[in-house]
Amino acid sequence: MAGAGEDSRALFGAGVRAALEAWPALQIAVENGFGGVHSQEKAEWLGGAVEEYFFHNADLELDEVEDFLGELMTNEFDTVVEDGSLPQVSQQLQTMFHHFQRGDGPALREMASFITQRKCKVRATTLTTARETDEDDADGVEEMEVTATIDGATRGGDGPQPEPEDPESQTIKEEDIVEDGWTIVRRKK
């Protein structure tokens, strides 16, 4: 029976990793290095940390899982997840843990497989869309250049472009710094 428990634990770990690998917010953070030079290593560590969190806290509520994942994303990747995916990923993880607790290996295997297949479909769709876009560009579709300005706004490539303001004229007012240390950047009018 100990072998079955270890097998379920391994399946749960694989399911956690599959859910995290399919999570777009985490993948964007890793691909763009939001966690620093060791973003990929942090993402791999995150899977083990989430797994251990569930093992040490058997009766977790959904909001506790969301808070834990949100805190990890903020602390490790300087990322605040606001795309609505945090509750979805938390629910997947919680469901997998319930299957683990019941020793339902086939359900764990099925869930991990479903998540992995869905991730592959999304990537295949993205690649197809990217190829179609490249073909459209080759057929004479005009590309629009987007430029970030010093004040954080973006501009399209069409129309007159105002000259960038002098960086020295950018000032941060005390009311722009909120309690948790974040700075609010506002567009000058």
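Parameters and conventions
- Residues numbered from 1 in each chain as written.
- Predicted model: local features only at pLDDT ≥ 70, side-chain atom pairs only at ≥ 80, totals over all residues.
- Heavy atoms only, no water.
- Axes fitted to C-alpha atoms, helices over the stretch in contact; angles between N-to-C directions.
- Helix = DSSP H or I, 4+ residues; strand = E, 2+ residues; numbered from the N terminus.
- Parallel < 35°, antiparallel > 145°, perpendicular 65-115°, else oblique.
- Left-handed = near helix turned anticlockwise from the far one by under 90°.
- Contact = heavy atoms within 4.5 Å.
- Buried < 20%, exposed > 50% of the residue type's maximum accessible area, 1.4 Å probe, protein only.

Draft legend 1. The packing of helix α2 (residues 24–31) against helix α3 (residues 39–56), seen in detail. At their nearest, the axes of α2 and α3 sit 8 Å apart, and the two run at 150° to each other. Relative to α3, α2 is oriented roughly antiparallel. Crossing geometry of α2 relative to α3 is assigned as right-handed. On the side of α2, the interface is formed by Leu26, Ala29 and Val30, while α3 contributes Ser39, Gln40, Ala43 and Leu46.

Draft legend 2. Molecular detail of unusual backbone geometry. The phi dihedral of Asp78 is positive, around 45°, even though this residue is not glycine. In this fold, Asp78 is placed in the loop between α4 (62–77) and α5 (85–102). Accessibility expressed as a relative area gives 57% for Asp78, which makes it exposed.

Draft legend 3. Representation of the environment of Val16 in the model. With respect to the secondary-structure elements, Val16 resides in helix α1 (residues 2–21). Taking relative accessible area as the criterion, Val16 reaches 0% and is therefore assigned buried. Here the alpha-carbon distance between Val16 and Gln92, two residues 76 residues apart in the chain, equals 8.6 Å. Excluding residues within four positions of it along the chain, Val16 makes contact with Gly47, Val50, Leu93 and Met96.

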